[in-house]
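Results of the structural survey
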Amino acid sequence: MPTKSKTKTDVKVRSSIEVMSSVASSIEFIKSQIANDLMLAKNSKLIDLDNDQLKKISSIIESSITKSFIKTSGQIESSL
């Protein structure tokens, strides 16, 4: 049975998928870190928010980051 050789296109597609997966993982880490940093700021009394306010702000920030990633992901892919 003949083996299928990797074409240049296959390699580019795999590389693109790997890069975008890594970027998406980084974005998820950033969102998580921001939520943790906000909680630390609240606990150290750097900011004065109740838990509900903190959750709302975290949600707004997370949503903004996600939207920004979606809008810029095409630019990342096209540069690959």
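Quick note: structure is the one above.
Computed from a prediction, not measured in an experiment: that's the story for all the values here. (Residues numbered from 1 in each chain as written. Predicted model: local features only at pLDDT ≥ 70, side-chain atom pairs only at ≥ 80, totals over all residues. Heavy atoms only, no water.)

1. Describing the side chain of Ser73
Secondary-structure assignment places Ser73 in helix H2 (residues 51–79). Classification of Ser73 as buried rests on a relative accessible area of 16%. Of note is the side chain of Ser73, whose polar atom sits 3.0 Å from the backbone oxygen of Ile70. (Helix = DSSP H or I, 4+ residues; strand = E, 2+ residues; numbered from the N terminus. Buried < 20%, exposed > 50% of the residue type's maximum accessible area, 1.4 Å probe, protein only. Polar contact = N/O pair within 3.5 Å; in protein donor to acceptor, adjacent residues only side chain to side chain.)

2. What about the environment of Ile30?
As for its position among the elements, Ile30 is in helix H1 (residues 8–43). For Ile30, a relative accessible area of 38% puts it in the partly exposed group. As a C-alpha pair, Ile30 and Ile65 span 35 residues in sequence and 8.8 Å in three-dimensional space.

3. A word on the pattern of salt bridges
Counted under the stated rule, the structure contains two salt bridges. Residue Lys31 is joined to Glu28 by a salt bridge in which the shortest nitrogen-to-oxygen separation is 2.9 Å. One end of the pair, Lys31, and the other, Glu28, are both in helix H1, three residues apart, so they sit about a helical turn from each other. (Salt bridge = Lys/Arg side-chain N within 4 Å of Asp/Glu carboxyl O.)

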